[in-house]
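Architecture at a glance
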Amino acid sequence: MSERAIEQTDFTNRPLCLSGRGVTKIFGLGDKRTVAVDHVDFDFHEGEFVSIVGESGSGKTTLSKMLLGLLNASEGEIFFQGKPRDISTGRKKKEYWKGIQAIFQDPFSSFNTFQKIDTVLLDCINMRGGKHLPKEKKIEMMTEACGFVNLKFAELTNKYPFELSGGQMQRLMIARIFLLRPRILLADEPTSMVDACSRATILDMLLNLRDEIGMTVIFITHDIGLAYYISDTVYIMEHGKFVEFGKADEVILNPQAAYTKRLISDVPKIHEEWDLSTVDLLSQK
Amino acid sequence: MGKIMLEVKNLKTKYVTRFHEDVYAVDGVSFTIEDGKSLGIAGESGCGKSTLALSVMGYYFSPLHYISGDIIIDGKNISGMKPDDVRKSILGSEIAYIPQAAMNALNPTQKIIRFMEDVIHAHDPKAGRKEIRERAEARFAELGLPPSVLDKHAVELSGGMKQRTVIAVSTILNPKVLIADEPSSALDVTSQKMVIKMLRELMGKGYIKSMLFITHELPLLYNVTDDIMVMYAGQIVERGSAREMVFDPVHPYSHGLMNSILVPEEGTRGNKLTAIPGAPPNLKRPPDGCRFAERCKYARPECRYSMIPEKSFDAGRMYRCLLGVDELKEVYGHE
Ligand SMILES: Nc1ncnc2c1ncn2[C@@H]1O[C@H](COP(=O)(O)OP(=O)(O)OP(=O)(O)O)[C@@H](O)[C@H]1O
Ligand SMILES: Nc1ncnc2c1ncn2[C@@H]1O[C@H](COP(=O)(O)OP(=O)(O)OP(=O)(O)O)[C@@H](O)[C@H]1O
Ligand SMILES: [Mg+2]
Ligand SMILES: [Mg+2]
């Protein structure tokens, strides 16, 4: 991985990118009522690499959908660059989406099965106003983007997404981000389906891309080891609430919440046998 | 030695793509699994794990094509069978298959009990609804799943619960072989443990006779299967017991894979991630010599001359590298 200062950068005096106060999402009514996100406060700064860590069902994806503007909050307010975010009209929403991109766990879900890979990349260039660039320039940009993620553009032309393996697909997603240069990147478990080698490559690329274009990265994961490894700031989520947050070093090396402590002790040690006798199959998880 | 449940001999298969650029995704794979045993397959994205799963099932639907080799399930050679016949008489009853990301591909408009009916009807079209429900409820109860899940839709279940449900449904016909493709990769640790405990119970109770467990996380397999194979670029590069593979991997690639877990301990932040640099070869034109040579720290010119054969060592272990076992252990010892 690229050389990184072990010293933690202080982001708290950088300009605010996304923040939230009392953000809440409630699904369903009556006995089907679920409080998926429960009055959370957060401040994500420009260029900050933030991880949101929690187990399945803790509300990570629901929160990310609200951040993306795909889901309305039931309560609370989200601020964009310090001002209340206004995505009340189609035009305002489009404007907001220009600066925010997302990548997901299942890379195949992000690509249209019927669209060739060159078209996918070309669309990114067009979206950033490069529609009228000469063809050679566009090819040069696509080649550069593929090169950034260790893919060969010449081998991808004329192909469809399903002809790629999962790992190649994840890298193609990062090539898209490279071309789109968003202000904010929301990544929901983007590496849980890839092996350690591809994962290292992808994380490395994400960190380089953050350094190159200075975007804010909101990284969602249940892997606390991974979160520690790559983030500046960590938010720990349990049952829809942030039980702890702070600089990665502080939260992981000196956890205060019982939940954080458990997540840390649960990380599988390579040479250790799991004690499955305590695993309760009847618990409703 | 126990009875052999699954035997695969020198299996070769390919994807036929446009412009005659074939992808040799499974290139001479051999292994056996005995009754009551489980085998894990680990390897990087794109190395051919999912293709191997489909190939072993005889699931040759375009663009996947059989080239050569044998697949023998409990004494019966299925390698010449038509894929449609395989679907009818093998899938579900002889081999159960849990595809990668299956839990996210469940039809959202159907209740879980409908999937159970689909699986049972494929084998026994006359089974009645009441009989199916009784069978399903009994099995769910035995595996620690609340029977109420049968009347839920997939969206109402958590990831872990969904995956355990998929496993319970897929194995209702008590198959001889279960092939599970990354069943726990997307889950958090608590849910992973539940999935693995359930798989062990299925084996322990004899509902499945043997298991092939595919994952990209080699370290995870230590807690899951009896034996482990490491796959690289369409071939098996090492095989041994779980303990041997985790504590004493021999092939430089397996050795690299074991060093790649991220632990939240002081000092790991800001470290270089120990992964294996570079990318696997293109499976359309795999290199003549060792397929890993390009990324191997210990490669010598001779490694690239011709295909490295499988070499046996110790009791029942195998690896595919020009260097001797002692030579490799020596270099690892100095790192
Ligand atoms: N559309 C929906 N309707 C009803 N409940 C929902 C909906 N989406 C999510 N939930 C519920 O909200 C809670 C939080 O779900 P969410 O998907 O945000 O969790 P997560 O942390 O992303 O979990 P995972 O790690 O499994 O992805 C869960 O209890 C879930 O069942
Ligand atoms: N339908 C297809 N047509 C052409 N090539 C394919 C097809 N499906 C897979 N491949 C290629 O075959 C090779 C093996 O793919 P496979 O999906 O078996 O890998 P895998 O080990 O399961 O990877 P992952 O960990 O990403 O699931 C890859 O190089 C892939 O690009
Ligand atoms: Mg989620
Ligand atoms: Mg696969």
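Residues numbered from 1 in each chain as written. Chains lettered and ligands numbered in written order. Predicted model: local features only at pLDDT ≥ 70, side-chain atom pairs only at ≥ 80, totals over all residues. Heavy atoms only, no water.

Here we look at the overall build of chain B
Stated formally: Numbering of helices and strands runs from the N terminus; a helix is a DSSP stretch of H or I covering at least four residues, while a strand is a stretch of E covering at least two. When we talk radius of gyration, it's over C-alpha atoms, and the globule rule is simply 2.2 Å times the number of residues to the 0.38. Exposure is judged per residue with a 1.4 Å probe applied to protein chains only, and the accessible area is read against the type maximum: over 50% gives exposed, under 20% gives buried, and values in between give partly exposed. Any pair of residues with heavy atoms lying within 4.5 Å of one another is described as a contacting pair. The accessible surface values rely on the Shrake-Rupley method and a 1.4 Å probe; as for residues, cover is taken only from the protein chains in view.
Counting its secondary structure elements, chain B contains 10 helices and 12 strands. A compact globule built from 335 residues would reach a C-alpha radius of gyration of about 20 Å, and chain B, at 21 Å, matches this within 12%. Across its three principal axes, chain B shows a C-alpha extent of roughly 65 × 50 × 45 Å. Here chain B, with 335 residues, has 55% of them falling under the buried criterion. Nonlocal contacts in chain B, meaning residues at least 24 apart in sequence, comprise 64% of its contacts between residues at least 6 apart. Within the structure as shown, chain B displays about 13600 Å² of accessible surface, and the carbon and sulfur contribution to it stands at 52%.

Things to note about the packing of aromatic side chains
Residue and element names in this part refer to chain A. Heads up, the condition is: Aromatic rings from Phe, Tyr and Trp, with only the six-membered ring used for Trp, were paired whenever their centres fell within 6.5 Å, and each pair was classed as stacked if the ring planes differed by under 30 degrees, edge-to-face if by over 60, and tilted otherwise. The rule for a charge over a ring is simple: NZ of Lys or CZ of Arg within 6 Å of the ring centre, and within 35 degrees of the ring normal.
Taken as a whole and judged by the stated rule, the model has 15 aromatic pairs over all chains. Judged by centre distance (5.4 Å) and plane angle (85 degrees), the ring pair of F44 and Y235 falls under edge-to-face. With F44 in strand 2 (residues 34–45) and Y235 in strand 9 (residues 233–238), this pair connects stretches of sequence that are 191 residues apart. Side by side, F44 and Y235 carry an identical accessibility label, which is buried. Linked through ring pairs, F42, F44, Y235, F242 and F245 together constitute an aromatic cluster. The ring of F178 has R181 sitting right over it, with the charged end atom 5.2 Å from the ring centre.

Examining the packing of helix 3 (residues 112–123) of chain B against helix 5 (residues 159–170) of chain B
Residue and element names in this part refer to chain B. For the record, the criterion: Axis definition: a line fit to C-alpha positions, over the contact stretch in the case of helices; interaxial angles, taken between N-to-C directions, run 0 to 180 degrees. Reported orientations rely on four angle classes, namely roughly parallel under 35 degrees, roughly antiparallel over 145, roughly perpendicular from 65 to 115, and oblique for the rest. By definition, turning the near helix anticlockwise from the far helix through less than a right angle yields a left-handed crossing, and turning it clockwise yields a right-handed one. Each residue gets one label: Ala, Val, Leu, Ile, Met, Phe, Trp, Tyr, Cys and Pro are nonpolar, Asp, Glu, Lys and Arg are charged, and the others, such as Gly, are polar.
The contact between helix 3 and helix 5 brings their axes to 9 Å, and the two run at 25 degrees. Compared by their axis directions, helix 3 and helix 5 come out roughly parallel. Every pair of crossing elements has a handedness; the one defined by helix 3 and helix 5 is right-handed. Where helix 3 approaches helix 5, its residues I112, F115, M116 and V119 are matched on the opposing element by T165, A168 and V169. By residue class, the composition of the contact of helix 3 with helix 5 is six nonpolar, one polar and no charged.

Here we look at the coordination of the magnesium ion (ligand 4)
Rules: Counted as donors are the N, O and S atoms within 2.8 Å of the metal, or 3.2 Å for Na, K and Ca, while water is not among the atoms, so some sites may look incomplete.
Protein-derived coordination of the magnesium ion (ligand 4) comes from B:S50 (OG) and B:Q100 (OE1), at a distance range of 1.9 to 2.2 Å. In this pair, B:S50 sits in helix 1 (residues 49–56) while B:Q100 sits in the loop between strand 6 (95–98) and helix 3, placing the two residues 50 residues apart along the sequence.

Here we look at the domain arrangement of chain B
Residue and element names in this part refer to chain B. Note the cut-off: Domain ranges listed in this record stem from an automatic or a database domain assignment. Two parts placed together each lose some accessible area; with a 1.4 Å probe, that loss summed over both constitutes the buried area.
What the domain assignment lists for chain B is domain 1 (4–94 + 175–333) and domain 2 (108–171). Taking only C-alpha atoms into account, the centre of domain 1 sits 30 Å from that of domain 2. With 17 residues of domain 1 at the contact, the number on the domain 2 side is 14 residues. Summing the contributions of domain 1 and of domain 2, the shared interface buries around 1300 Å²; its carbon and sulfur component is 69%. Interface area lost by domain 1 to domain 2 is led by M198, L202 and Y207, which between them contribute 39%.

Concerning the site of ligand 2
To be explicit about the condition: Here a residue counts as near a molecule or strand whenever at least one of its heavy atoms sits within 4 Å of it. Within 3.5 Å is the distance limit for a polar contact, defined as a pair of N or O atoms, with the added protein rule that one can donate a hydrogen and the other accept it, and that residues adjacent in sequence qualify only through two side-chain atoms.
In the neighbourhood of ligand 2, 21 residues make up the surrounding shell, with B:S45, B:G46, B:S50, B:T51 and B:Q100 lying closest. Site remark: ligand 2 is flanked by residues from chains A and B. One of the backbone N or O atoms of B:G46 is found 2.7 Å from an oxygen atom in ligand 2. Measuring from an oxygen atom of ligand 2, one finds a side-chain N or O atom of B:K49 at 2.9 Å.

Description of unusual backbone geometry
Residue and element names in this part refer to chain B. In the segment running from S62 into P63, the intervening peptide bond is cis, with an omega of 10 degrees. Unlike most non-glycine residues, N10 shows phi in positive territory, near 45 degrees. Structurally, N10 can be placed in strand 1 (residues 4–15). With relative accessibility at 42%, the residue N10 sits in the partly exposed group. Of note in this structure, A233 is not a glycine but carries a positive phi near 45 degrees. With respect to the helices and strands, the residue A233 is situated in the loop between strand 9 (227–232) and strand 10 (235–241).

Side note on the site of ligand 1
All names here are of chain A. Around ligand 1 lies a shell formed by F27, T34, A36, E55, S56, G57, S58, G59, K60, T61 and T62. For ligand 1, an oxygen atom lies 3.2 Å from a polar atom in the backbone of S58. Within the backbone of G59, an N or O atom sits 3.0 Å from an oxygen atom of ligand 1. With the chains in place, 60% of the 640 Å² that ligand 1 exposes on its own is no longer accessible. Breaking the shell around ligand 1 down by element, the ones donating at least two residues are strand 2 and helix 1 (60–68). Per-element tally for the shell around ligand 1: the top contributor is helix 1, with three residues. Classifying every residue of the shell around ligand 1 by side-chain character gives two nonpolar, seven polar and two charged.

A word on the nonpolar core
Generally speaking, a soluble globular protein has its nonpolar side chains buried in company with each other. We count it as follows: The criterion is simple. A nonpolar core is a set of buried Ala, Val, Leu, Ile, Met, Phe, Trp, Tyr and Cys residues joined through side-chain atoms within 4.5 Å.
In terms of nonpolar packing, the biggest core is built from 82 residues, with B:I112, B:M116, B:F140, B:L199, B:L218 and B:Y253 touching the most fellow members. Ranked by residues supplied to this core, first place goes to helix 6 (residues 189–204) of chain B with seven residues. Both domains that furnish three or more residues to this core are identified here as domain 1 (4–94 + 175–333) and domain 2 (108–171) of chain B. Setting aside anything within four residues of it in sequence, one finds B:I112 in contact with B:F140, B:V149, B:L150, B:K152, B:A154, B:L157, B:T165 and B:V169. Of all hydrophobic cores here, the second largest spans 39 residues; its members include A:I117, A:A187, A:L206 and A:M215.

Details of the pattern of salt bridges
All names here are of chain B. Convention followed: Counted as salt bridges are all cases of a side-chain nitrogen of Lys or Arg within 4 Å of a carboxyl oxygen of Asp or Glu.
Under the defined criterion, the tally for this structure stands at 32 salt bridges over all chains. For K176, the salt bridge identified is with D74, shortest N-O distance 3.3 Å. Taken together, the residues K176 in the loop between helix 5 and strand 7 (177–181) and D74 in the loop between strand 4 (64–73) and strand 5 (76–77) connect sequence positions 102 residues apart. Taking the relative accessible area as the measure of exposure, K176 reaches 22% and is therefore partly exposed. Judged by relative accessible area, D74 falls into the partly exposed class, the value being 22%. Across the salt bridge formed by D248 and K329, the nearest N and O atoms sit 3.4 Å from each other. Pair noted here: D248 is in the loop between helix 8 (242–247) and helix 9 (252–258) and K329 is in helix 10 (residues 325–333), with a separation of 81 residues, a long-range link. Its relative accessible area of 26% is what places D248 among the partly exposed residues. Taking the relative accessible area as the measure of exposure, K329 reaches 34% and is therefore partly exposed.

With respect to the sheet that holds strand 1 of chain B
Residues and elements named next belong to chain B. Selection rule: Whether two strands pair depends on DSSP finding at least two bridges between them.
As summarised here, the arrangement of the four strands in space is 2-1-4-5, forming an open sheet in which the pairing is antiparallel. Strand pairing shows two members of the sheet lacking a second neighbour, strand 2 (23–34) and strand 5, which therefore form its edges. Examined bridge by bridge, strand 4 and strand 5 share two bridges and lie antiparallel to one another. Among the inter-strand pairings, I73 is bridged to a residue of strand 5, identified as K76. Across the sheet, helix 1 touches strand 1, strand 2 and strand 4, and the angle it forms with strand 1 is around 115 degrees.

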